[in-house]
Amino acid sequence: MPTGWRFIAQRALTEEIIDWDVPFALSSNPKRALSGPGAMAGTIEPEYARMLGSDGEPILQEWGTKLYAEVDGAIRWGGIVTGTGFDNAKATISCEGLSCYPKGIPYESYMISGKLITPKDPYAGKDKNHDGWVDGKKGKQKVPKPPKPHGGPRFDTFDAFRNIWNHVQSKPNGNIGLKIDTHDLGELLGAKNGSDPWELAWWNNPDCGTALDTLARDTPFDWIETHSWADNTSNKIDHRIRLGKPRLGRKRDDLRFADGENITAIAKPEGLGDEYANEVFVLGKGEGQKMKKAQLYKSGTGRMRRVATVVDKTLSSASALRNRGQRELNGHSQELQIPAIQIRNHPNAKFGSWSLGDDILVQVEVPWVGSVAIWHRIISDELSPNDMCILTLKRSDSFVY
């Protein structure tokens, strides 16, 4: 195992440390992801895979063991063992971040924000002869118009996100110790007038993981899963979901990523070719003429009109339709993008100095193009024991906030 690295095993529910130094050989480096759980995979000897902890259970147990990658005393990755198997003389272990847990868990409750409320008409049935006067009060009291429908209470998007997580972790054997940020986004779900309520209902058989992803995608907002030692004196590890308002990360003028300095390789630059579009047509919830829709344009391109059509029946609010359309429009702009870079640990940007979601200026030589300097966001990082790291990137101007 590389110097400064160790893998720590912990019981998933009790969080008892059961092995401080698992003999884990990486086959897929620890990968953190923006608004995703990330993953890690490796191999060990079959004999170790069969070893039992003090509680009589296998040390590495699917959905029963948390596994961490610690580098120089800091936890760089944490997650749950989700798969085990045997490949000839090796045992294979697959792990995902703790935030993978809600996938496949049904939502068994009910939430509604911005419900259409139709107040009871106190004069209903009091004009049986339909003459416009209250029965028995003709000439004295006309029947007033019924109260207008209105929108009911609405709650913040982050409250819905926390509610789903609380639902997952409140079930027996469901508390994985993940804490969710407590601040609000400042955006309420559902229409104010009750015309388009946001609803999550058990009878529609919603998946908790899908519901969380949909909230983050349609609002949109960022989240990151983090793990760290609680303090220097205990064996407790804190787990947290950080929520972005409306995004996480910042522009990093203090870091440098340049060819020939700390960038050792780049993935093939991307252009969109036949996928170019300067207009997007979004079709959402509903059928026929009542279907929700939005149309977005990119003017001043000097190019012929090309249209990309997106169909997503989960979209109902005008803001969700526009957000989805703007993301698609930015993604079809055919601007040059560097999808990934490999960097070495260097004073330009020491490992651990950036955060997922940060914007960094990537300065590289691109064949047939020349020297370019393009701002990209870090959407994942993959730390390697050989003191290298792969950053997966997307152009900063492809995001909408």
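This text gives an overview of the structure that appears in the document. (Residues numbered from 1 in each chain as written. Predicted model: local features only at pLDDT ≥ 70, side-chain atom pairs only at ≥ 80, totals over all residues. Heavy atoms only, no water.)

### Points about the sheet that holds strand E14 (residues 237–243)
Thought 1: If you trace the three strands from one edge of the open sheet to the other, you get E11-E14-E13, paired in mixed fashion. Only two strands of the sheet have a single partner each, and these edge strands are strand E11 (178–180) and strand E13 (223–229). Averaged over all pairs of adjacent strands, the angle between their axes in this sheet comes to 25°, without regard to strand direction.
Thought 2: Bridge analysis of E11 against E14 gives three bridges, and the strand direction is parallel. Paired with Ile180 across the strands is Ile241, a residue of E14. (Pairing = 2+ DSSP bridges. Helix = DSSP H or I, 4+ residues; strand = E, 2+ residues; numbered from the N terminus. Axes fitted to C-alpha atoms, helices over the stretch in contact; angles between N-to-C directions.)

### What to know about the environment of Trp20
Thought 1: On the secondary structure map, Trp20 appears in the loop between strand E2 (17–19) and strand E3 (25–33).
Thought 2: A relative accessible area of 32% means that Trp20 is categorised as partly exposed.
Thought 3: Spatially, the C-alpha atom of Trp20 lies 45 Å from that of Val366, the residues being 346 residues apart in sequence.
Thought 4: Here Trp20 is in contact with Arg6, Phe7, Ile8, Trp229 and Asn235, once residues within four sequence places are set aside. (Buried < 20%, exposed > 50% of the residue type's maximum accessible area, 1.4 Å probe, protein only. Contact = heavy atoms within 4.5 Å.)

### Things to note about the state of the cysteines
Thought 1: By the definition in use, this model includes zero disulfides.
Thought 2: In this model Cys100 remains outside any disulfide bridge; the closest cysteine sulfur is found in Cys95, 9.7 Å from its own.
Thought 3: Distance from the sulfur of Cys389, which forms no disulfide, to the nearest cysteine sulfur (Cys95) is 18 Å. (Disulfide = S-S within 2.5 Å.)

### A word on helix H4 (residues 318–331)
Thought 1: Here H4 is 14 residues long and its end C-alpha atoms lie 20 Å apart, about the 20 Å a rise of 1.5 Å per residue gives.
Thought 2: Within the span of H4, buried status applies to Ala320, Leu321, Asn323, Arg324, Gly325, Leu329 and Asn330.
Thought 3: Where H4 is buried, its residues contact helix H3 (208–218), strand E17 (279–283), strand E18 (293–297) and strand E19 (307–311). (Expected span 1.5 Å × (residues − 1).)

### Structural notes on the pairing of strand E4 (residues 36–44)
Thought 1: As judged from the five bridges shared by E3 and E4, these two strands associate in the antiparallel manner. Across the sheet, residue Leu26 finds its bridge partner in E4, namely Gly42.
Thought 2: Remark: two residues form the turn of the hairpin made by E3 and E4, two consecutive strands paired antiparallel; Ser35 in that turn has positive phi of roughly 60°.
Thought 3: The pairing of E4 with strand E7 (residues 90–96) spans six bridges and is classified as antiparallel. Note on E7: the bridge partner recorded for Ala39 is Glu96.

### Overview of the nonpolar core
Thought 1: Leu60, Leu67, Phe257, Ile341, Ile343, Trp354 and Leu391 are the most contacted members of the largest nonpolar core, which totals 45 residues.
Thought 2: If one sorts the elements of this core by residue count, strand E22 (residues 370–383) sits on top with five residues.
Thought 3: Of all hydrophobic cores here, the second largest spans 29 residues; its members include Ile80, Met111, Ala216 and Ile241. (Core = buried A, V, L, I, M, F, W, Y, C linked by side-chain atoms within 4.5 Å.)

### What about the environment of Asn386?
Thought 1: Locating Asn386 in the fold gives a position in the loop between E22 and strand E23 (388–395).
Thought 2: Taking C-alpha positions, Asn386 is 36 Å from Val400, a pair spaced 14 residues apart along the chain.
Thought 3: Separated by 2.6 Å, the side chains of Asn386 and Ser384 make a polar contact.
Thought 4: Here Met388 takes part through its backbone nitrogen, which lies 3.2 Å from a polar atom of the side chain of Asn386. (Polar contact = N/O pair within 3.5 Å; in protein donor to acceptor, adjacent residues only side chain to side chain.)

### Digging into the packing of aromatic side chains
Thought 1: Scanning the model with the defined rule gives 10 aromatic pairs in all.
Thought 2: Pairing Tyr110 with Trp203 gives two aromatic rings, centres 5.0 Å apart and planes at 25°, and the pair type is stacked. Of this pair, Tyr110 sits in strand E8 (residues 110–113) while Trp203 sits in the loop between strand E12 (198–201) and H3, placing them 93 residues apart in sequence.
Thought 3: Of the residues examined, Tyr110 reaches a relative accessible area of 34% and is grouped as partly exposed.
Thought 4: Each ring, one from Phe158 and one from Phe221, has its centre 4.9 Å from the other, and the planes form 80°; the classification is edge-to-face. Linking Phe158 in helix H2 (residues 157–169) with Phe221 in the loop between H3 and E13, this pair joins segments that are 63 residues apart in sequence.
Thought 5: Taking relative accessible area as the criterion, Phe221 reaches 2% and is therefore assigned buried.
Thought 6: An aromatic cluster of at least three residues, connected via ring pairs, comprises Trp5, Phe7 and Phe24. (Phe/Tyr/Trp six-rings, centres within 6.5 Å; stacked < 30°, edge-to-face > 60°.)

### With respect to the pattern of salt bridges
Two side chains of opposite charge can pair, provided their charged atoms sit close to one another.
Thought 1: Summed over the entire model, instances satisfying the criterion amount to 23 salt bridges.
Thought 2: In this structure, the salt-bridge partner of Arg256 is Glu261, at a minimum N-O distance of 2.7 Å.
Thought 3: When its relative accessible area of 36% is taken as the criterion, Arg256 is described as partly exposed.
Thought 4: By relative accessible area, Glu261 is classed as partly exposed at 27%.
Thought 5: Connected through shared salt-bridge partners, Arg217, Asp218, Asp312, Arg324 and Glu328 make up one network. (Salt bridge = Lys/Arg side-chain N within 4 Å of Asp/Glu carboxyl O.)

In short, the description is geometric, and any link to function would need to be established separately.
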